[in-house]
Amino acid sequence: MTQDRRNAPLSPATRLAQALHHIEEQTGAVTPAIQLSATYARGADYAPRQSYIYRRDGNETTELAETIINDIEGAASTMLFASGMSAANAVLEALPMGAHVVAPGVMYHGVLHQLRKHHASGRLTVDFHPVGDLDAMRSLMRPGVTALVWVETPSNPDWTVTDIAAAAEIAHAAGAKLITDCTATPPPYCRALDHGADISFHSATKYLNGHSDVTAGSLATREAGEMWDEIASIRTLHGTVLHSFDAWLLIRGMRTLALRVERQTTSASRIAQQLLSHPQVEKVLYPGLAEHPGHDIARRQCEGFFGGMLSIITKGTEQTAIDTARHCRLFYPATSLGGVESLIEHRKTVSGPGFDVHPNLLRLSIGIESPMDLMVDLDAALMRAAQ
Ligand SMILES: *Cc1c(COP(=O)(O)O)cnc(C)c1O
């Protein structure tokens, strides 16, 4: 899982396109093989031939996907899980009983649900602050006690930006680790570890894979150590390692990651700009817009690649927003994000009760279709819903 030095001076887009210049040793195949074996025969000396014993510990195909993510994250070590949630859960479970965690009150609903559950059961003590509010975060820190600070940037579903470097300073001053969820702005553009995060979490289901045909979660660490070993042990014993077939799809997906994110950023920027002046749109939430409060931080943190995620608050009632999603012909009315196909969702319906979501919020995941086609579709749906 260490970085291949030969590739270090090449740009990440080049390294991704060639899956780190992968060549199968025995055949010369430029596409990796899929290792499906669940178990591995030992050698004549009864020692494992390589490091592989049983698939729950990991396998060659999953390791290649890990090596690629490790490379674009600039990490010391990377682990892939069967979903983003299984990766997030492994981190929470690796914390000792009663550990103190600081997290935002608005974030991806699955992780928020788990944090609330652990808090209610007393397994963790979790203090929540308004998302993106670093002063509030600082005031919740208990020096020497707080174990983990969770940051999601830009955050679901309103794309509030948090300065990772500033959050890292706050966490580290109290002796806590910082974990970031930058699923909406993937590496190689947003590299959370470079900004001071200790662990970078991604739902690889989203941009990293990019084709809505895999669920996967990735954890990349700046430093291996006791907690990292515990996370690895949880992955093995829960059996949540990413399946090799899914890893193979992820490797294929990542070959076009740079191309996709570049296109999605350009399209989302154009669409966000046009929606700003749309008569049926109250507000556009997109860090790529110059007027977005987190614009400058996002630009610095993501090298100008703001990604394809934006939300709009529609005029009218909650039903008007739901009708807009229903009336789209091109945008799929589906949850998830980061795929090549564009999605629209009424977030309040999808996250369910108990989450702080504006009733008129529609979350858009911009794919790689023609942005003009997408804008025509959105405009027609917005106008029809308003009638
Ligand atoms: C999807 C998502 C997750 C959860 O990942 P899964 O792969 O769906 O388990 C976590 N955080 C964010 C920001 C996400 O978008």
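Calculation criteria
Residues numbered from 1 in each chain as written. Predicted model: local features only at pLDDT ≥ 70, side-chain atom pairs only at ≥ 80, totals over all residues. Heavy atoms only, no water. Helix = DSSP H or I, 4+ residues; strand = E, 2+ residues; numbered from the N terminus. Pairing = 2+ DSSP bridges. Axes fitted to C-alpha atoms, helices over the stretch in contact; angles between N-to-C directions. Contact = heavy atoms within 4.5 Å. Near = heavy atom within 4 Å. Polar contact = N/O pair within 3.5 Å; in protein donor to acceptor, adjacent residues only side chain to side chain. Areas by Shrake-Rupley, 256 points an atom, 1.4 Å probe, with all protein chains shown as cover. 1 Å grid on protein atoms, 1.4 Å probe; cavity = no way out; pocket = protein on both sides within 12 Å on 5 of 7 lines; lining within 4 Å. Sits in = over half its atoms within 2 Å of the grid points. Phe/Tyr/Trp six-rings, centres within 6.5 Å; stacked < 30°, edge-to-face > 60°. Buried < 20%, exposed > 50% of the residue type's maximum accessible area, 1.4 Å probe, protein only. Lys NZ or Arg CZ within 6 Å of the ring centre and 35° of its normal. Patch = residues over 30% accessible without salt bridge, like charges linked within 9 Å, V, L, I, M, F, W, Y side chains within 5 Å. Salt bridge = Lys/Arg side-chain N within 4 Å of Asp/Glu carboxyl O. UniProt positions renumbered as here; feature names shortened; annotations may be inferred. Points joined across faces, edges and corners; volume = space filled by probe spheres on them. Nonpolar A, V, L, I, M, F, W, Y, C, P; charged D, E, K, R; others polar. Domains from an automatic or database assignment.

Describing unusual backbone geometry
Item 1. With an omega of -10°, the peptide bond between Asn 156 and Pro 157 qualifies as cis.
Item 2. With respect to the helices, strands and loops of the structure, Pro 157 is situated in the loop between β4 (146–152) and α6 (164–173).
Item 3. Following Pro 187, the chain continues into Pro 188 via a peptide bond in cis, with omega recorded as 10°.
Item 4. By the element assignment, Pro 188 lies in the loop between β5 (177–181) and β6 (199–203).
Item 5. Positive phi is not limited to glycine here, since Ala 19 has a value of about 45°.
Item 6. By secondary structure assignment, the location of Ala 19 is in the loop between α1 (12–17) and α2 (60–73).
Item 7. The residue Tyr 46 is not glycine, and still its phi comes out positive at about 65°.

What to know about the sheet that holds β6
Item 1. With mixed pairing, the seven strands of this open sheet are ordered in space as β1-β7-β6-β5-β4-β2-β3. Edge positions in the open sheet fall to β1 (77–81) and β3 (124–129), since each of these has one partner strand only. Across the sheet, the axes of successive neighbouring strands diverge by a mean angle of 20°, strand direction being ignored.
Item 2. Examined bridge by bridge, β1 and strand β7 (residues 217–221) share five bridges and lie antiparallel to one another. Bridge pairing in β7 links Thr 78 to Ala 220.
Item 3. Strands in contact with helix α3 (residues 84–94) are β1, β3, β4, β5, β6 and β7; relative to β7, the strand with the most contacts, it is inclined by about 45°.

A closer look at the site of the ligand
Item 1. Residues in contact with the ligand amount to 14 residues; listed here are only the nearest, Met 85, Asp 181, Ser 203, Thr 205 and Lys 206.
Item 2. Here an oxygen atom of the ligand sits 2.8 Å away from a polar atom, N or O, in the main chain of Met 85.
Item 3. At 2.7 Å from a nitrogen atom of the ligand is found a side-chain nitrogen or oxygen belonging to Asp 181.
Item 4. The fraction of the free accessible surface of the ligand (380 Å²) that becomes covered by protein chains is 91%.
Item 5. With respect to the pocket detection grid, the ligand is positioned in the second largest pocket.

Some remarks on the packing of aromatic side chains
Item 1. With the rule as written, the count across this model stands at five aromatic pairs.
Item 2. When the ring of Trp 150 is compared with that of Phe 201, the centres are 5.9 Å apart and the planes differ by 55°; the resulting orientation is tilted. Of this pair, Trp 150 sits in strand β4 while Phe 201 sits in strand β6, and the two are 51 residues apart along the sequence.
Item 3. Residue class for Trp 150 comes out buried when judged on its relative accessible area of 0%.
Item 4. Here the guanidinium or amino end of Arg 42 rests over the ring plane of Tyr 46, the centre of that ring lying 4.9 Å away.
Item 5. Its end group placed over the ring of Phe 81, Arg 235 keeps NZ or CZ at 5.8 Å from the ring centre.

Overview of α3
Item 1. Counting buried positions along α3 yields eight of 11 residues, so the element is predominantly enclosed.
Item 2. Considered for burial, the residues of α3 that qualify are Gly 84, Ser 86, Ala 87, Ala 88, Ala 90, Val 91, Leu 92 and Ala 94.

Overview of a nonpolar patch on the surface
Item 1. Among the surface-exposed residues, Ile 34, Leu 36 and Phe 245 lie close enough to one another that they form a single nonpolar patch of about 250 Å² accessible area.
Item 2. Along the chain, Leu 36 falls in the loop between α1 and α2.

Some words on the sheet that holds strand β8 (residues 281–285)
Item 1. Across the sheet, four strands lie side by side as β8-β9-β11-β10; this open sheet has antiparallel pairing. Either end of the sheet is taken by a strand with one partner, and the two such strands are β8 and β10 (343–346). Ignoring which end each strand starts from, the neighbouring axes of this sheet average 20° apart.
Item 2. In this structure, β10 lies alongside strand β11 (residues 361–365), joined through four bridges in antiparallel fashion. Its bridge partner lying in β11, His 346 is registered against Leu 362.
Item 3. Packed on one face of the sheet, helix α11 (residues 318–327) meets β9 (309–314), β10 and β11 and runs near 155° to β10.

Re the environment of Gly 175
Item 1. As for its position among the elements, Gly 175 is in the loop between α6 and β5.
Item 2. Expressed as a C-alpha distance, the spacing of Gly 175 and Cys 302, which sit 127 residues apart in the sequence, is 26 Å.

Some details on the UniProt feature "modified residue: N6-(pyridoxal phosphate)lysine" (unreviewed entry) in the protein
Item 1. Mapped onto the present numbering, the UniProt feature "modified residue: N6-(pyridoxal phosphate)lysine" (unreviewed entry) falls at Lys 206.
Item 2. Mapping Lys 206 onto the fold places it in the loop between β6 and β7.
Item 3. Apart from the residues within four sequence positions on either side, Lys 206 is in contact with Thr 183, Ser 336, Leu 337 and Gly 338.

Things to note about the layout of surface pockets
Item 1. Roughly 340 Å³ of volume is contained in the second largest pocket.
Item 2. What lines the second largest pocket is a set of 24 residues, and nearest its centre among them are Met 85, Tyr 108, Ser 203, Thr 205 and Lys 206.
Item 3. Those elements that place two or more of their residues in the lining of the second largest pocket are α3, α4 (109–121), β6 and α12 (347–351).
Item 4. When the residues that make up the lining of the second largest pocket are grouped by side-chain class, the tally is nine nonpolar, 10 polar and five charged.
Item 5. There are two domains that each give the lining of the second largest pocket at least three residues, and those are domain 1 (12–254) and domain 2 (257–386).

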